[in-house]
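Secondary and tertiary structure notes
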Amino acid sequence: MTGVQTCALPIWRRHASRSRHSRRGAQCESDRGADDRGFDEVKRLAVYCGSATPVDPVYIETAQKVGRELAARGIGLVYGGGKLGLMGAVADAVLEAGGEVIGVIPEALVKAEVAHRGCTELRVVQTMHQRKALFTELSDGFITIPGGVGTMDELWEAVSWSQLGYHDKPVGLDRKST
């Protein structure tokens, strides 16, 4: 995964035209090959991030920037459905810019009153596994910004599902905030 140092897109991509999985270094727009999904094809992007509010404001600013950029490109946000921390920051930025926000949250977190009630759509599921499966169903790709163990779990599940052929969607890391 040395290519992650270049840009935010993608760290892993399964290519349907090949029988083997292909580890792709992150590439910038100008070096992308014809087989890579362009942003014109991405209608919704799942953003994995934490629900905590980091001490360093650069992380909140990054989440807000990601949200504004998604809305500016007409790309809907699929995320964890929380109102706190980086989750809340990315969702609020998309909403403030007039974009679509779909939150996917387990019922236990709704009961704990951490759900973002301002989402365009809030889908409540029973388990974390259902949440991750719905992320995959609703989105055309995945990007991870800072978070904790849960965020890394979501990232690696998206990578492993790609490797196993469950989806053929780009999976990326936003390294600019690290």
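Analysis parameters
- Residues numbered from 1 in each chain as written.
- Predicted model: local features only at pLDDT ≥ 70, side-chain atom pairs only at ≥ 80, totals over all residues.
- Heavy atoms only, no water.
- Pairing = 2+ DSSP bridges.
- Helix = DSSP H or I, 4+ residues; strand = E, 2+ residues; numbered from the N terminus.
- Axes fitted to C-alpha atoms, helices over the stretch in contact; angles between N-to-C directions.
- Contact = heavy atoms within 4.5 Å.
- Phe/Tyr/Trp six-rings, centres within 6.5 Å; stacked < 30°, edge-to-face > 60°.
- Salt bridge = Lys/Arg side-chain N within 4 Å of Asp/Glu carboxyl O.
- Buried < 20%, exposed > 50% of the residue type's maximum accessible area, 1.4 Å probe, protein only.
- Expected span 1.5 Å × (residues − 1).
- Right-handed = clockwise from strand over helix to strand, strands pointing away.

Some points on the sheet that holds strand E1 (residues 44–48)
Taken in spatial order, the 6 strands line up as E4-E3-E2-E1-E5-E6 in an open sheet, and their pairing is parallel. Taken across any chain shown, the strands that pair with only one partner, and hence form the sheet edges, are strand E4 (121–125) and strand E6 (171–173). Each adjacent strand pair in this sheet contributes to an overall mean axis angle of 20°, direction not counted. Where E1 meets strand E5 (residues 142–144), 3 bridges bridge the pair, whose relative direction is parallel. Paired with Val-47 across the two strands is Ile-143, which belongs to E5. Against the sheet, helix H2 (residues 85–96) touches strand E2 (76–79) and strand E3 (101–106), its axis set at about 160° to E2.

Some words on the packing of aromatic side chains
Under the counting rule described, the total for this entry stands at 3 aromatic pairs. Their ring planes at 75° and their centres at 5.3 Å tell us that Tyr-48 and Phe-135 sit as a pair that is edge-to-face. You can see Tyr-48 sitting in strand E1 and its partner Phe-135 sitting in helix H4 (residues 128–138), a full 87 residues away along the chain. Considering the side-chain rings of Trp-161 and Tyr-166, the 6.1 Å spacing of their centres and the 85° angle between planes classify their relative orientation as edge-to-face. Here a set of aromatic residues connected by ring pairs shows up, and it is made of Tyr-48, Phe-135 and Phe-142.

Quick notes on the pattern of salt bridges
Throughout the structure, instances matching the rule amount to 6 salt bridges. Where Asp-153 meets Lys-132, a salt bridge forms, and the shortest distance between an N and an O atom there is 2.7 Å. In this pair, Asp-153 is assigned in helix H5 (residues 149–163) and Lys-132 in helix H4, connecting sequence segments 21 residues apart. Classification of Asp-153 by relative accessible area gives partly exposed; the value is 38%. Each of Lys-132, Asp-153 and Glu-157 takes part in one network of salt bridges that share partners.

Topic: H2
When the terminal C-alpha atoms of H2 are compared, their 16 Å separation across 12 residues agrees well with the 16 Å that a helix rising 1.5 Å per residue should span. Taken across its 12 residues, H2 has 9 buried, putting it largely inside the fold. Looking at H2, one finds that the buried residues are Gly-85, Leu-86, Met-87, Gly-88, Ala-89, Val-90, Ala-91, Ala-93 and Val-94. Residues of H2 that are buried in the fold lie against helix H1 (58–72), E2, E3 and H4. With its phi angle positive at about 85°, Gly-98 sits one or two positions after the end of H2.

Regarding the pairing of E3
Among the 6 residues of E3, 6 are classified as buried, and the element is accordingly described as predominantly covered. Of the two faces of E3, the one carrying Val-101, Gly-103 and Ile-105 and the one carrying Ile-102, Val-104 and Pro-106 are both buried. Bridge analysis of E2 against E3 gives 3 bridges, and the strand direction is parallel. The residue bridging Tyr-79 from the neighbouring strand is Gly-103, located in E3. The parallel pair E2 and E3 is bridged by H2, and the resulting crossover is right-handed.

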